[in-house]
Amino acid sequence: MRRVVITGLGVVCPIGKSKEEFWSNLTSGRSGIGPVTLFDASAFPVRIAGEVKHLDLNSIENTFPESAGIRDRKVLLALSAAEQALTDSMLDEEDLKDALLHCGVGLEVFELDYLTHSISTGKRNSLSFSRINCDGLWQTPLDCTAGLIGRKWGFKAGRITNCSACAAGAQVIGEAWQMLCESRAQIALAGATDSMLNPLGLGGFALLKVLSDENDRPAQACRPFDASRKGTVLGEGAAFVVLETLEHAAARNAGIYAEIIGYGSSMDAFSPTDPDSAGAGAVQSMRKALNRANIHPGSVDCVNAHGTGTVKNDIAETVAIKQVLAASAYDIPVHSVKSMTGHLIAASGAVEAAAAMLTISRNCVPPTINLVRPDEQCDLDYVPNTARVFSGDTVLSNSFGFGGQNATLIFRRLL
Amino acid sequence: MLEEEKHAASRNRKPYARIIDYNLYSADFGSTSNLLSNAVDSIKAQPNPHHLISACNGSGVMLNMEKESLGSCGIIPLTTLQPKPATGDLFAAAAFVQVAVGAALYGKPRFKGVVLANCMGYGSEQGIFLLEAA
């Protein structure tokens, strides 16, 4: 089995449109959540979200002329993040010819803005947006993102698209890692994207009663593990990473963020929306990752939690972490990126994987912000409000999705 | 259902077939002529397929292209089956039908040899599976 490392990453999310901006705001504890501006949410019970501010659509179109006319934000976010990751890796386009491409995307396939307008007005093509696809296409094909990225750089070794909700981002990285371990390729670009910030997306999640409705204080609305938490906040974003076999990376003196040493995945088979309260699926996901990494649970130095800020998830995840890590769970930091970005759904696992890699390479654990009074049932060290120095080597990153799909990645400093 | 061979044996389950290898390949839309040969080329160390589950939908052009691509890799199947004229093009479900038909062949009396199940996708995605008797 080959060793696999990360040699490039790109992030576009509510707290940054570049790796450096993302990391700076993440470690500063700066929230990217604010009032919804992408559409008129005044009639909605939830009017806050984590939006990517000032997305440069012209720049994306200049790099990807084929994307002209595409309005689906998740596709555009992905293109930007993918370009960042490949630029960061400094790989030649010739290297990508035999590279794998794994994309995680959001569950919905329709251009929800278009569908919302059509349903509400009864008119199919009458839109006033400036960038519209007027040929009546109601769908963003699931493989649209992979197709655009693949054709831009000539990825020929197979393209995989995954839509397993909040676990998608972690799963595509994990599946790409496995294929490189098995020598199916030397290089892979893996990442995920999502944007449900449209009336049907935000409205649908609000109906599930999983969103915080604290519209008067958006920056404090997502409070993972806090006793007063009221739910998560919907966000949008994308992150892509370049995976490379250690041999290939070393041969070209590539900069290495971290090594991926383990991946596990499981299914709760419990509920379409709620996690198994006993955390069984989450436990299985983490244990599978630890087994693949061939490390003892006590070797984990930090947990990048799924940490949504919903009442159910935070308790279930805490229970699961304690089951897997036992006493060592109390000795390590457990932090939530979502406290600042909101829940990026399909993209969350990839963005949080990027955070985990940077935790290792930059020796810093980001905080969980808005944590004032921990829930009595959440009694771990969640790194409240202030980042701290990280002197460990191993970070475990969890992603637990709607429908009970779970994924865990384990990263380690290259030894 | 895929199952690790020892696990199947431990519960006395007789497999339909064994998957020897697989490969995926992508190209720019329209560039289908090299897809199959490139996909097959990467598994050329494996046994030469004797039987082909063709991805063709009844088009003689596609069938000839498929044969030429395989021929360029030194593969000339003894027999060729085309499920799609009977099933229609099942898109996302098509590959499963291709592999299932290939696996089911091993249930026929005295059927021998390696089966190549070809799965050609819209947007120039290509997948191939090599099967043998379990």
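Residues numbered from 1 in each chain as written. Chains lettered and ligands numbered in written order. Predicted model: local features only at pLDDT ≥ 70, side-chain atom pairs only at ≥ 80, totals over all residues. Heavy atoms only, no water.

A look at the overall build of chain B
What chain B contains, in helices and strands, is 5 helices and 5 strands. Sequence-ordered secondary structure for chain B, helices as α and strands as β, is α-β-α-β-α-β-α-α-β-β. Per-residue burial over chain B gives 37% buried out of 134 residues. Intrachain contacts of chain B at a sequence separation of at least 6 include 69% that bridge at least 24 residues. As displayed, chain B offers around 7700 Å² of accessible surface, 58% of which is attributable to carbon and sulfur atoms. (Helix = DSSP H or I, 4+ residues; strand = E, 2+ residues; numbered from the N terminus. Buried < 20%, exposed > 50% of the residue type's maximum accessible area, 1.4 Å probe, protein only. Contact = heavy atoms within 4.5 Å. Areas by Shrake-Rupley, 256 points an atom, 1.4 Å probe, with all protein chains shown as cover.)

Concerning the confidence of the model for chain B
All names here are of chain B. Across chain B, pLDDT averages 85, with 87% of residues at or above 70. Looking across chain B, the model is least confident in helix α2 (residues 35-41), with a mean pLDDT of 71, and most confident in helix α1 (residues 5-10), with 96. Confidence metrics for the complex model read pTM 0.91 and ipTM 0.83. (pLDDT = per-residue confidence, 0-100.)

Remarks on the packing of aromatic side chains
Under the criterion given, the structure shown has 5 aromatic pairs over all chains. When the ring of B:Y106 is compared with that of B:F111, the centres are 5.2 Å apart and the planes differ by 80°; the resulting orientation is edge-to-face. Take B:F111: its relative accessible area is 18%, and that puts it in the buried class. Here the basic side chain of A:K152 rests over the ring of A:F64, its NZ or CZ set 5.8 Å away from the ring centre. (Phe/Tyr/Trp six-rings, centres within 6.5 Å; stacked < 30°, edge-to-face > 60°. Lys NZ or Arg CZ within 6 Å of the ring centre and 35° of its normal.)

Brief notes about the interface of chain A and chain B
In this complex, chain A contributes 9 residues to the contact, which on the side of chain B involves 9 residues. Between chain A and chain B the total buried area reaches about 870 Å² when both faces are included, carbon and sulfur atoms providing 44% of it. Area buried by chain A at its contact with chain B is led by A:K156, A:R159 and A:R184, which between them contribute 58% of it. At the boundary of chain A with chain B, the tally comes to 1 salt bridge. The salt bridge involving A:R184 is made with B:D21; its shortest N-O contact spans 3.1 Å. In this assembly, chain A and chain B are joined by 2 residue pairs in polar contact (both at pLDDT 80 or more). Of the residues that constitute the side of chain A that touches chain B, the class distribution is 4 nonpolar, 1 polar and 4 charged. (Buried area = accessible area lost by both parts, 1.4 Å probe. Salt bridge = Lys/Arg side-chain N within 4 Å of Asp/Glu carboxyl O. Polar contact = N/O pair within 3.5 Å; in protein donor to acceptor, adjacent residues only side chain to side chain. Nonpolar A, V, L, I, M, F, W, Y, C, P; charged D, E, K, R; others polar.)

Thoughts on the side chain of A:T318
Residue position: A:T318 is located in helix α10 (residues 311-325). In contact with A:T318, other than residues within four places in its own chain, are A:F225, A:Q377, A:C378, A:D379, A:L380 and A:Y382.

A closer look at the pairing of strand β1 (residues 4-12) of chain A
Residue and element names in this part refer to chain A. By the criterion of burial, β1 is predominantly enclosed, with 9 of the 9 residues buried. Summarising the sheet, β1 and strand β8 (residues 258-267) pair through 3 bridges and their orientation is antiparallel. Looking across to β8, one finds that V5 is bridged to E259. Bridge count for β1 against strand β7 (residues 236-245) is 8 bridges, and the pairing is antiparallel. Paired with V11 across the bridge in β7 is A239. (Pairing = 2+ DSSP bridges.)

Side note on unusual backbone geometry
Residues and elements named next belong to chain A. Of note, the phi angle at M90 is positive, near 60°, even though the residue is not glycine. Relative to the helices and strands, M90 is located in the loop between α3 (73-89) and β4 (100-104). Taking the relative accessible area as the measure of exposure, M90 reaches 67% and is therefore exposed. Of note, A165 is a non-glycine position whose phi angle comes to about 55°, a positive value. Looking at the secondary structure, you find A165 in the loop between β5 (159-162) and α6 (168-181). When its relative accessible area of 2% is taken as the criterion, A165 is described as buried.

Brief notes about the side chain of A:D194
Residue and element names in this part refer to chain A. By secondary structure assignment, the location of D194 is in strand β6 (residues 187-195). At 5.4 Å, K74 is the nearest oppositely charged side chain to D194, a buried residue that forms no salt bridge. Looking at D194, its side chain comes within polar contact range of the main-chain nitrogen of A346, at 3.1 Å. (Lys, Arg positive; Asp, Glu negative; His and termini not counted.)

Brief notes about the pattern of salt bridges
All names here are of chain A. A full pass over the atoms with the stated rule returns 22 salt bridges over all chains. With a closest N to O distance of 2.6 Å, R73 and E236 form a salt bridge. In this pair, R73 is assigned in helix α3 and E236 in strand β7, connecting sequence segments 163 residues apart. Its salt-bridge partner being D379, residue K322 comes within 2.8 Å of it at the nearest N-O pair. Within this pair, whereas K322 is found in helix α10, its partner D379 is found in the loop between β11 (364-365) and β12 (388-389), the two being separated by 57 residues in sequence.

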